[in-house]
Amino acid sequence: MSEQLSRLIRNEVKSFKPYSPGLGIDEIKKKYGLSRVIKMASNENPLGVSPLVQETISSSSGLAFRYPGANNPELCLAVARHLGLDPACIVCGNGSDELIDLLIRMLSVPGRDNIVAFNPCFSIYRLQARLSGVEFRQAELNPDFSFAFKELLNLVDDKTRVVFLTNPDNPSGYAAPASELHRFASKLPQGCCLVVDEAYIDFADPLDHYSMLSFFRPDSNLVVLRTFSKMYALAGLRLGYAILPVTLADYMRRIRLPFSVNILAEKAGQAALKDSEFTRQSLAVITRGREFLSSELKNLGCKVYSSQANFIMFYPPVNAGHIFQELLKRGIIIRPLDSYGFAHLLRVSIGTAEENEIFIKYMQEVMG
Ligand SMILES: *Cc1c(COP(=O)(O)O)cnc(C)c1O
């Protein structure tokens with residue numbers, strides 16, 4: 001029977017393995033009998049949820065019996081005001097993951113069109129393209145993890161509907177100046193959109209040098225994705241938004257499930273945009289932590305990749321898998337990059353000053 005049932009499954013779906021989000025805090029506490037575990041693996045904001053947002057979520061909890069406004073008009077308006085853009089260009093989603101999925105399904109015809117990105121890239125681009133039955137092409141990044149624009153452009157043809165770029169990039173932290181991305185966008189054929197995923201843009205310094213927003217026009221082929229999961233510390237609530245040309249935004253609103261952004265996320269997002277004190281503090285913690293961790297890791301003999309994000313990728317002089325396991329035993333979770341094809345590299349999310357110091361202390365211990 002189960003064999004018969006699995007015959008019902010589309011081939012694209014059969015190729016899927018369960019998504020592995022990395023290790024959880026409780027899991028590691030239990031496994032190693034630890035009372036405290038520090039997670040520096042998923043690029044979450046180490047300050048936790050802002051007090052203003054927590055208050056908003058609590059005081060809005062009684063609204064949970066209501067449906068949210070279809071397509072979250074108030075939230076879109078708040079985002080648009082925050083960015084100084086027309087709300088007609090904003091679509092909110094259940095994390096940027098949902099928006100990535102919708103873009104692929106909205107723009108590309110299965111079995112005919114293709115999508116282009118770098119290798120490595122954020123896994124969701126590849127997974128959702130595969131689920132849709134759309135060809136996914138990847139160009140290798142340069143060896144130093146900077147963007148190989150020429151190789152990327154070589155993969156683009158008249159059937160390419162979307163080019164995905166992450167800037168600052170994950171897992172390297174590399175960011176290209178917006179002017180370079182703009183030059184690349186101008187070389188794309190008509191009918192191909194450049195989607196720039198700016199999940200980490202709030203940590204780039206200076207932001208205006210890297211963000212594509214100043215190049216955004218309501219009628220061009222540029223789409224920018226942003227999320228509340230990183231700087232705004234709402235990864236568990238699931239909220240992101242896309243900035244799109246008006247025509248694309250209009251169609252995306254039609255195909256999006258009308259209530260995919262829930263009513264608490266809607267309220268929390270608006271409060272998060274208001275709490276500029278929290279984002280200012282977060283940025284200070286990340287900027288200082290990035291400098292501290294970079295210099296300490298270099299002192300330990302690691303090759304450190306320069307980062308414009310809230311994490312650092314590094315190449316330790318000792319086996320990376322060994323370091324990862326030994327840190328885990330001591331209650332520090334970081335991210336091995338073997339699933340990206342880089343068994344020799346590690347990625348650490350920037351923590352609070354205290355967490356960063358504990359991490360470095362254990363790194364010293366583990367590396368002898
Ligand atoms: C974390 C991350 C996101 C955010 O995804 P959400 O669905 O909004 O949580 C998007 N893109 C990249 C490259 C990321 O690393």
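### Some thoughts on the packing of helix 13 (residues 276–299) against helix 15 (residues 353–367)
Closest axis-to-axis distance for the helix 13/helix 15 pair is 11 Å, and the angle between their directions is 10°. In this view, helix 13 runs roughly parallel relative to helix 15, as classed from their interaxial angle. Where helix 13 abuts helix 15, its residues G289, F292, L293, E296 and L297 lie against N356, E357, F359, I360, M363 and Q364. Looking at the contact of helix 13 with helix 15 residue by residue, the classes come out as six nonpolar, three polar and two charged.

### Thoughts on the environment of P171
Along the chain, the position of P171 falls in the loop between strand 5 (160–166) and helix 9 (178–187). Overall, the relative accessible area of 1% leaves P171 in the buried class. Taking C-alpha positions, P171 is 8.0 Å from I312, a pair spaced 141 residues apart along the chain. Residue contacts for P171: discarding those within four places in its chain leaves P120, F311, M313, L337, Y340 and R347.

### Quick word on the domain arrangement of the protein
Segmenting the protein into domains produces domain 1 (20–48 + 277–367) and domain 2 (51–274). Here the C-alpha centroids of domain 1 and domain 2 sit 26 Å apart. Taken together, the contacts link 23 residues of domain 1 with 22 residues of domain 2. Overall, the association of domain 1 and domain 2 removes approximately 1,900 Å² of surface from exposure, summing both partners, and the carbon and sulfur fraction of that is 66%. Looking only at domain 1, the three residues that lose the most surface to domain 2 are Q308, F311 and Y340, adding up to 30% of its buried area.

### Concerning the state of the cysteines
Scanning all chains against the criterion turns up zero disulfides. Not engaged in a disulfide, the cysteine C192 finds its nearest cysteine sulfur in C193; these two sulfurs lie 6.8 Å apart.

### Side note on the packing of helix 6 (residues 95–107) against helix 7 (residues 123–132)
Orientation of helix 6 relative to helix 7, taken along the N-to-C sense of each, is 40°, at an axis distance of 9 Å. When the interaxial angle is binned, helix 6 and helix 7 end up oblique. Between helix 6 and helix 7 lies a crossing of right-handed hand. Across the interface between the two elements, D97, I100, D101, I104 and R105 from helix 6 touch I124, Y125, Q128, A129 and S132 from helix 7. By residue class, the composition of the contact of helix 6 with helix 7 is five nonpolar, two polar and three charged.

### Remarks on empty space enclosed by the protein
In total, this model carries two cavities of 30 Å³ or more according to the counting rule given. Looking at the largest cavity, its volume works out to about 50 Å³. Taken together, A117, F118, P120, C121, Y125, F147, F164, L165, T166 and D169 make up the full set of residues lining the largest cavity. Ranked by residue count, the leading element in the lining of the largest cavity is strand 5, at three residues. In terms of residue class, the lining of the largest cavity is made up of eight nonpolar, one polar and one charged. As a volume, the second largest cavity reaches approximately 30 Å³. Around the second largest cavity, the lining residues are V49, S50, V53, Y232, A272, F278 and T279. Tallied by class, residues from the lining of the second largest cavity come to five nonpolar, two polar and no charged.

### Thoughts on the sheet that holds strand 8 (residues 240–243)
Strand order in this open sheet of seven strands is 2-8-7-6-5-3-4, and the pairing throughout is mixed. Whereas interior strands pair on both sides, the edge strands pair on one side only; in this sheet they are strand 2 (90–93) and strand 4 (135–140). Each adjacent strand pair in this sheet contributes to an overall mean axis angle of 25°, direction not counted. As paired strands, strand 7 (residues 222–227) and strand 8 are joined by four bridges and run antiparallel to one another. Of the residues in strand 8, the one forming a bridge with T227 is G240.

Thresholds, definitions, all that
- Here, residues in each chain are numbered from 1, in the same order as that chain's written sequence.
- Reporting of local features is limited, given that this is a predicted model, to residues whose pLDDT is at least 70; pairs of side-chain atoms are given and counted only at 80 or more, and all residues count toward the totals for whole chains, interfaces and linings.
- Based on all heavy atoms of the structure, the side-chain values leave hydrogens and waters out of the count.
- Convention adopted: a line fitted to C-alpha atoms gives each axis, helices being fitted over their contacting stretch, and angles between N-to-C directions are expressed from 0 to 180 degrees.
- Helix and strand labels come from DSSP, where a helix needs a run of H or I of at least four residues and a strand needs a run of E of at least two; each type is numbered from the N terminus.
- Oblique is the label for any angle not under 35 degrees, not over 145, and not in the 65 to 115 range, which are roughly parallel, roughly antiparallel and roughly perpendicular in turn.
- The contact definition used throughout considers only heavy atoms, calling two residues in contact when any of these lie within 4.5 Å.
- The nonpolar class holds Ala, Val, Leu, Ile, Met, Phe, Trp, Tyr, Cys and Pro. Asp, Glu, Lys and Arg form the charged class, and all remaining residues, Gly among them, are polar.
- Here's how the labels work: a residue is buried when its accessible area is under 20% of the maximum for its type, exposed when over 50%, partly exposed in between, all with a 1.4 Å probe on protein chains only.
- Domain limits in this description derive from either an automatic procedure or a database domain assignment.
- Buried area is calculated as the accessible area (1.4 Å probe) missing from two parts once they are joined, with the contributions of both summed.
- Criterion for a disulfide: a pair of cysteine sulfur atoms at a distance within 2.5 Å.
- By convention the crossing between two helices is left-handed if the near helix lies anticlockwise of the far one by an angle smaller than a right angle, and right-handed if it lies clockwise.
- In this analysis the probe radius is 1.4 Å and the grid spacing 1 Å, with only protein atoms considered; a cavity is a set of points the probe fits into but cannot get out of, a pocket is an open set with protein on both sides within 12 Å along at least five of seven lines, and lining residues have an atom within 4 Å of a point.
- Grid points are joined across faces, edges and corners, and a volume is the space filled by probe spheres set on the points.
- Here, strands pair whenever DSSP counts at least two bridges between them.

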